[in-house]
Amino acid sequence: MIFYFSGTGNSRWVANALSIALGEPVVSIAEELKTNKKEIVCPLREDEKVLFVYPVHSWGPAVPVTRFISKLKLTGYDKQPVYSVSTCGDECGYTADRVQKALSKRGITLMAGYSVIMPNNYILLPGFDVDSKEVERQKLEDAPAAVAAIAAAIRESKNVNLYNKGSLPGLKSYWIYPLFANFAIGKNSFRVTDACISCGLCEKVCPTGTITLSEGKPVWSDTCVQCVACIHRCPVRAIEYGKITLKKGRYHHPDVK
């Protein structure tokens, strides 16, 4: 079983690729959280592999992932192998370790953590932007081989290092990430411009139900987790984040329709 969370489609693509390679079904974390159940129960087969596929947000797991894990009950769990697969623009820090701690609170053991480098998409702070088209293309070309290596390691139970921790992981994951999770989540500076065509796509792609339409225009509540799906998926670039994103690029995985 592959649990995934995705905003711009990178993690969704990786989850689907791993599903094909390993023969495991995919389950949307966002859709499960929308049920508002106090406990999310998922039965496991004896031979089942469990994967969590998700993006790295500020050197930690996307907030919905740990929310989901805190509610998760795997019935029939008897030490079946559990893996973390994070997608990141460059470095993951100790993201997998944070997921491991969240899982251990539910009595679940993480066997290994892997990562796949994918095109950057975080543009909501000064100094952050999407990759150049050349870098984006190269990352997308390299991704299938990275996923294949992870699938092989899982199938063969190999102990291999396929995780890009990067520099200063402790500082990034245990100091910067908590600040992001505590202060960057909820309130936001998203706004819509006059270019909006009222297509409603932003409301449809928002994984947390943060966006509703008022007179055909998006309105953001305080449940935003900065997945950046809305700003990147807008077909007419009518969504901005204050003035920070005015001259920045947009990106979503080319397979996302």
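Rules of the game
- Positions within a chain are numbered from 1, following the residues in the order the chain's sequence is written.
- It should be noted that, the model being predicted, local features are given only for residues of pLDDT at least 70 and side-chain atom pairs only at 80 or more, the latter also being counted only at that level, while totals for whole chains, interfaces and linings use all residues.
- The basis for every side-chain value is the complete set of heavy atoms in the structure, and neither hydrogens nor water enter the calculation.
- By convention here, the domain bounds are inherited from an automatic or database domain assignment.
- Here the quantity called buried area is the total loss of accessible area, with a 1.4 Å probe, experienced by two parts when brought into contact, counted for both.
- Salt bridges are counted wherever a side-chain nitrogen of Lys or Arg sits within 4 Å of a carboxyl oxygen of Asp or Glu.
- Nitrogen and oxygen atoms within 3.5 Å of one another constitute a polar contact, given that in protein one can donate a hydrogen and the other can accept it, and given that sequence-neighbouring residues count only through two side-chain atoms.
- Helix and strand labels come from DSSP, where a helix needs a run of H or I of at least four residues and a strand needs a run of E of at least two; each type is numbered from the N terminus.
- Polar here means any residue other than Ala, Val, Leu, Ile, Met, Phe, Trp, Tyr, Cys and Pro, which are nonpolar, and Asp, Glu, Lys and Arg, which are charged; Gly is therefore polar.
- DSSP-based pairing: two strands are paired if at least 2 bridges between them are found.
- All axes here are fitted lines through C-alpha atoms, helices being fitted over the stretch that makes contact, and every angle between N-to-C directions spans 0 to 180 degrees.
- For this analysis, a nonpolar core means a set of buried residues of the types Ala, Val, Leu, Ile, Met, Phe, Trp, Tyr and Cys, connected via side-chain atoms within 4.5 Å.
- Only protein chains enter the calculation, and the probe is 1.4 Å; a residue is then buried if its accessible area is under 20% of its type maximum, exposed if over 50%, and partly exposed in between.
- UniProt positions are given in the numbering used here, feature names are shortened, and annotations may be inferred rather than shown by experiment.
- We call two residues in contact whenever any of their non-hydrogen atoms come within 4.5 Å of each other.
- Pairing of aromatic rings covers Phe, Tyr and Trp, the last through its six-membered ring, and needs centres within 6.5 Å; plane angles under 30 degrees mean stacked, over 60 mean edge-to-face, and all others mean tilted.

Per an unreviewed UniProt entry, the protein is named Ferredoxin, and its organism is Parabacteroides goldsteinii dnLKV18.

Q: Talk me through the domain arrangement of the protein; I want residue IDs and the actual numbers.
A: Often, the extent of an interface is quoted as the loss of accessible area upon association of its parts. Domain assignment breaks the protein into domain 1 (1-179) and domain 2 (185-239). Measuring from the centre of the C-alpha atoms in domain 1 to the corresponding centre in domain 2 gives 24 Å. A combined buried area of about 1,200 Å² lies between domain 1 and domain 2, and 69% of that area is made up of carbon and sulfur atoms. Of all residues in domain 1, the largest losses of buried area upon contact with domain 2 belong to Gly7, Thr8 and Leu124, amounting jointly to 33% of the total for that side. Across the domain 1-domain 2 interface, the total number found is zero salt bridges. Remark: the boundary between domain 1 and domain 2 carries two residue pairs in polar contact (both at pLDDT 80 or more). Ranked by residue count, the leading element in the side of domain 1 that touches domain 2 is helix H3 (residues 63-71), at three residues. Of the residues belonging to the side of domain 1 that touches domain 2, the class tally is eight nonpolar, four polar and two charged.

Q: Outline the sheet that holds strand S7 (residues 112-117), listing residues and values.
A: What the five strands build is an open sheet, ordered S2-S1-S4-S6-S7; its pairing is parallel. Single-partner strands in this sheet number two, and they are strand S2 (26-28) and S7. The average angle at which neighbouring strand axes cross in this sheet is 20 degrees, direction not considered. Two elements, strand S4 (residues 50-55) and strand S6 (residues 82-88), share six bridges in a ladder whose sense is parallel.

Q: Go over the nonpolar core, please, and point to the residues and values.
A: Formed by 54 residues in total, the largest nonpolar core has its most connected members in Phe3, Phe52 and Phe190. Looking at which element gives the most residues to this core, the answer is H3, with four residues. Shared between two domains, this core holds at least three residues of each, these being domain 1 (1-179) and domain 2 (185-239). If you look at the next biggest cluster of nonpolar residues, it comprises 22 residues, including Tyr4, Tyr83, Val147 and Ile150.

Q: Can you break down the UniProt feature "domain: Flavodoxin-like" (unreviewed entry) in the protein residue by residue, with the values?
A: The UniProt entry lists residues 1-151 under the feature "domain: Flavodoxin-like" (unreviewed entry), expressed in the numbering used here. Each end of residues 1-151 is marked by a C-alpha atom, and these two atoms are 13 Å apart; helix forms 37% of the span and strand 22%.

Q: Tell me about the side chain of glutamine 80, and name the residues and values.
A: With respect to the helices and strands, glutamine 80 occurs in the loop between strand S5 (72-75) and S6. A polar atom in the side chain of glutamine 80 sits 2.8 Å from the backbone oxygen of arginine 45. The residues contacting glutamine 80, other than those within four sequence positions of it, are Leu44, Arg45, Glu46 and Glu48.

Q: Kindly report on the packing of aromatic side chains, identifying the contributing residues and their values.
A: Evaluation of the coordinates by the stated rule reveals eight aromatic pairs. Taking 5.6 Å as the distance between ring centres and 15 degrees as the angle between the ring planes, the aromatic pair formed by phenylalanine 190 and tryptophan 220 counts as stacked. Highlighted residues: phenylalanine 190 in strand S8 (residues 190-192) and tryptophan 220 in strand S10 (residues 217-220), separated in sequence by 30 residues. Here phenylalanine 190 and tryptophan 220 have matching classes, each one buried. Between phenylalanine 190 and tyrosine 241 the ring centres are 4.8 Å apart and the planes differ by 75 degrees, which places this aromatic pair in the edge-to-face class. In this pair, phenylalanine 190 sits in strand S8 while tyrosine 241 sits in strand S11 (residues 239-241), placing the two residues 51 residues apart along the sequence. With respect to class, phenylalanine 190 is no different from tyrosine 241; both count as buried. Three or more aromatic residues link up through ring pairs in this structure, and these residues are Phe3, Phe52 and Phe68.

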